[in-house]
Amino acid sequence: SIGFKLINISNAFNNFSCLVFDNDNNFVTNVLKSVTDNKSMTGKLRYDIKSGDVREITIGGELKRNCYSFSLNLIRRTLPTEYLVLFNLNLYGLGEFKQSL
């Protein structure tokens, strides 16, 4: 079974953090921080409890406008080792276009 434990939710500062243990015995935490009304930053950490290794680190940001938004995420994964740059462009009402470099 998957266990969930919520660490912090704060609407006053537009923060969101959570702590999850997934089926692979990984500790996963996600953080979302709104900088302004239309800008936010995100982070993610996946840690393997058994081996003591960090499996994934993600940092990114998002900019929102009236009819579109775009985000840029930098991702580092292990096993296999890979580095990703993920750019998302969301056109509201039209759909979504994603490209991984």
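Since the model is a prediction, treat every value here as computed from it, not as a measurement.

Brief notes about a nonpolar patch on the surface
Step number 1: Side chains of Y47, I49, V54, I57, I59, F70, L72, L74 and F87 sit close together on the surface and give an oily, nonpolar patch of about 710 Å² of accessible area.
Step number 2: Within the residue set of the nonpolar patch, elements represented by two or more residues are β5 (53-64) and β6 (68-77).
Step number 3: Mapped onto the fold, Y47 is located in strand β4 (residues 39-48).

Structural notes on the packing of aromatic side chains
Here a ring pair, both rings aromatic, is described through the centre-centre distance and the interplanar angle of the planes.
Step number 1: On inspection of all chains with the given rule, the structure shows one aromatic pair.
Step number 2: Here the aromatic rings of F70 and F87 are separated by 5.9 Å at their centres, their planes lie at 35°, and the arrangement is tilted. With F70 in strand β6 and F87 in strand β7 (residues 82-91), this pair connects stretches of sequence that are 17 residues apart.

Some words on unusual backbone geometry
Step number 1: A cis amide bond links L79 with the next residue in sequence, P80, at an omega value of -5°.
Step number 2: Looking at the element boundaries, P80 is found in the loop between β6 and β7.
Step number 3: Look at L79: it is not a glycine, yet its phi comes out positive at around 55°.
Step number 4: Within the secondary structure, L79 sits in the loop between β6 and β7.
Step number 5: Residue L79 is classed as exposed on the basis of its relative accessible area, which comes to 64%.

Rules used in this analysis
- Residues numbered from 1 in each chain as written.
- Predicted model: local features only at pLDDT ≥ 70, side-chain atom pairs only at ≥ 80, totals over all residues.
- Heavy atoms only, no water.
- Patch = residues over 30% accessible without salt bridge, like charges linked within 9 Å, V, L, I, M, F, W, Y side chains within 5 Å.
- Areas by Shrake-Rupley, 256 points an atom, 1.4 Å probe, with all protein chains shown as cover.
- Salt bridge = Lys/Arg side-chain N within 4 Å of Asp/Glu carboxyl O.
- Helix = DSSP H or I, 4+ residues; strand = E, 2+ residues; numbered from the N terminus.
- Phe/Tyr/Trp six-rings, centres within 6.5 Å; stacked < 30°, edge-to-face > 60°.
- Buried < 20%, exposed > 50% of the residue type's maximum accessible area, 1.4 Å probe, protein only.

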